[in-house]
Every structure is written in C-alpha cells, then in structure tokens.
Amino acid sequence: MLLNVKNDIREIDRVFTCVKEFCCTNGISEKKCFDILIIIDELATNIISYAFNDGQEHTFTIMIEKENEMVHVQLSDAGIPFDPLKGTEPNTDASLESRKVGGLGIFFVKQLSHFMSYERVKNRNQLDVLVSLEEEE
Amino acid sequence: MEITVKKDSGITVICPNGRIDTSTAKNFEEGIMKAIPDNHQIIISFLETSYISSAGLRVILVAGKKIAAMNGQLALAEMSDKILEVFKMSGFDKILKIYPTFEDAKSSFNR
C-alpha cells in the first residue's frame, strides 16, 4: 500500500484509517496493528511537524508491505535532511521532576521495530522500518 | 477525541474518549489544564481511550509535573493492555501512579 500524505496534521486521521485497513486485510492482530500505528503515527507526525519550514504544501509517501512474518514500512520525504537514528534517547529512569518532555516518539519506534535504517537518497530522507509479526509473550 | 470531566467524592475525573495523538493532544491538554486550577486531586480514566502516542504522554507528563508542584495528586486508571505497555515503554509507570481500576485509583487519595 502506498499513501501520499500532505504535510498537514489533519492527514493523520486518514493515515490511521488506511493503516487499520491494511492490518485488517493482511490478518495482522490488533496488538501488532497498535504497534504499527504508533510507528507510522510518530514518524509521519515528525515529518509533518519538522521536515518542511517554507510554509508551503508538500507531499511525502508512506509505503507499507507485508513480507512473510514482517511488515516493511518506508517513509520518504523531500524535507530537510534528518536522521532519526542519530538523536539522544530519553532517560526512562529519571524522576518526575527531572524527566524531560519530548524525545519519546523516535524512542517508541526503535523499541517497537525489529530493524531501522536511514538513507539520504536523491535529496530525500528515506527511512525503512521492519516490524516483526511474531507475537512475544 | 472527546473529553468528559466529572467530579467524584471531591476528585476531578477526566475521561478522554478515542485517540490521543498529535492531532488531538492540544484538545486533551486544554481539558486537563482547565481542570487543574480548580482541584489538585485528579484521576485520568483511560477506559474509553483507544490509542495514545508520545504526544499524549507529553501532555500527561506536563500535567503530572504541574500537579506535583502544587502538592496535588494525579492517578491514572483503567488502561487497556496496549496503553499500559506504552506507559511502561516510556518509563512513566515508574514516575506516575497507575491503577488497574477506577476504585483502586479513588481509594489511593488521602482523605
């Protein structure tokens, strides 16, 4: 499935509907579908919020494919270069007072995925994420 | 997402209904922030919440800090397994009080 998404936060609603449909059609469990929704929501929201700073309308793509026991998600945008794998991780042991707000989105994607890779290809950010469909206990 | 706010035995109960993501987090934040000045004893019930992303957790962290600074109490209750998993993944289960049932959350308040 290939989605063309505008850099408008209202698009997230449509993305949710399409991802749920994809999971349903491919017999993916509700639990795994929740993980896939988090991954795509966090990454798409980042692109919508930060990739373009010219105030113009842009379109980026989200590709989702089931490959055996994996789901392959690929996001591609022509925004400013950004490698989400290079950020610092939040301190999940910090106290309430010292816990910093933010930085959780990419951390969730890393936690929920099996494999992630970033490449700048022809002036586009290309992020590939693999999600294992094996249910862990 | 819609938010219902009600009072129960002097505690403000906030119930977000639907999805808490970036597109709805602002609405969620406004609902909580509006309730805090009136009452520093707050329960957020996730019974009707189908989904939460980092944007939703950010709002809860900000609210938790604000309530703690006012010497108030915040209790979270009635999460589905998947929502609880998101809280655990973020480490928020170690800094916020999470109860399985609404009654458990209610009885945790100092009288």
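Here the structure is a predicted model, which means the values were calculated and not measured.

## Remarks on the overall build of chain A
Scanning chain A for helices and strands turns up three helices and five strands. Secondary structure elements of chain A, listed N to C terminal, follow the sequence β-α-α-β-β-α-β-β. Whereas a compact globule of 137 residues would reach a radius of gyration of roughly 14 Å, chain A reaches 15 Å, a difference of no more than 12%. Taken along its principal axes, the extent of the C-alpha atoms in chain A is 40 × 40 × 25 Å. For chain A, buried positions account for 30% of its 137 residues. Within chain A, contacts between residues separated by at least 24 positions form 67% of all contacts whose residues are at least 6 apart in sequence.

## Focus: the overall build of chain B
What chain B contains, in helices and strands, is four helices and six strands. Counting from the amino terminus, chain B carries its helices and strands in the arrangement β-β-α-β-β-α-β-α-β-α. Computed over the C-alpha atoms, the radius of gyration of chain B is 12 Å, within 12% of the 13 Å expected from 2.2 N^0.38 for a compact globule of 111 residues. Along the longest, intermediate and shortest principal axes, the C-alpha atoms of chain B span 35 × 25 × 25 Å. Counting every position in chain B, which comprises 111 residues, the buried fraction comes to 43%. Counting only contacts in chain B whose residues sit at least 6 apart along the sequence, the fraction spanning at least 24 positions is 68%.

## A closer look at the nonpolar core
Residues and elements named next belong to chain A. In terms of nonpolar packing, the biggest core is built from 62 residues, with Ile39, Ile40 and Ala44 touching the most fellow members. If one sorts the elements of this core by residue count, helix α2 (residues 30-51) sits on top with 10 residues. Apart from residues no more than four positions distant in its own chain, Ile39 is found in contact with Val73, Val109, Leu112, Ser113, Val129 and Val131.

## What to know about the environment of Pro90 of chain A
Residues and elements named next belong to chain A. Tracing the chain through its elements places Pro90 in the loop between β3 (70-77) and α3 (104-112). The buried category is assigned to Pro90, around which 20 C-beta atoms lie within 10 Å. Distance from Pro90 to Val101, taken between C-alpha atoms, is 9.0 Å for residues 11 residues apart in sequence. Apart from residues no more than four positions distant in its own chain, Pro90 is found in contact with Lys100, Gly103, Leu104 and Phe107.

## Details of the interface of chain B and chain A
Of the residues lining the interface, 18 residues belong to chain B; the matching set on chain A comes to 23 residues. The set of elements that each furnish at least two residues to the side of chain B that touches chain A consists of α1 (22-35), α2 (54-69) and α3 (81-90) of chain B. When residues of the side of chain B that touches chain A are assigned to their parent elements, the largest contribution, eight residues, is made by α2 of chain B. Its residues placed into classes, the side of chain B that touches chain A shows seven nonpolar, seven polar and four charged.

## Re the sheet that holds strand β4 (residues 115-121) of chain A
Residue and element names in this part refer to chain A. The five strands lie next to each other as β1-β2-β3-β5-β4, forming an open sheet whose pairing is antiparallel. Two strands in the sheet have a free side with no partner beyond their single neighbour: β1 (2-6) and β4. Going from strand to strand, the sheet's axes swing by 15° on average, the running direction of each strand aside. Two elements, strand β2 (residues 59-67) and β3, share seven bridges in a ladder whose sense is antiparallel. Along β3, the bridge assignment pairs Ile64 with Val73.

## Quick notes on α3 of chain A
The buried fraction of α3 of chain A amounts to seven of the nine residues, a majority that puts the element mostly inside the structure. The set of residues buried in α3 of chain A consists of Leu104, Gly105, Ile106, Phe107, Phe108, Val109 and Leu112 of chain A. In this structure, the buried side of α3 of chain A is in contact with α2, β4 and β5 (124-132) of chain A together with α2 and α3 of chain B.

## Quick notes on unusual backbone geometry
One non-glycine residue, Asn123 of chain A, lies in the positive phi region at around 65°. The backbone of Ser9 of chain B shows a phi angle near 50°, a positive value even though the residue is not glycine. The topology assignment puts Ser9 of chain B in the loop between β1 (2-8) and β2 (11-20).

## Here's the deal with the pairing of β1 of chain B
All names here are of chain B. The pairing of β1 with β2 spans seven bridges and is classified as antiparallel. Its bridge partner being in β2, Val5 is matched across the sheet by Ile14. Hairpin geometry of β1 and β2 is characterised by an intervening segment of two residues between the two adjacent antiparallel strands and by a positive phi of about 50° at Ser9.

Calculation rules
Residues numbered from 1 in each chain as written. Chains lettered and ligands numbered in written order. Predicted model: local features only at pLDDT ≥ 70, side-chain atom pairs only at ≥ 80, totals over all residues. Helix = DSSP H or I, 4+ residues; strand = E, 2+ residues; numbered from the N terminus. Rg over C-alpha atoms; globule rule 2.2 N^0.38 Å. Buried ≥ 20, exposed ≤ 12 C-beta atoms within 10 Å, placed from the backbone. Contact = placed C-beta atoms within 7 Å. Core = buried A, V, L, I, M, F, W, Y, C linked by C-beta atoms within 7 Å. Nonpolar A, V, L, I, M, F, W, Y, C, P; charged D, E, K, R; others polar. Pairing = 2+ DSSP bridges. Axes fitted to C-alpha atoms, helices over the stretch in contact; angles between N-to-C directions.

That's the geometry; what it means functionally is another story.
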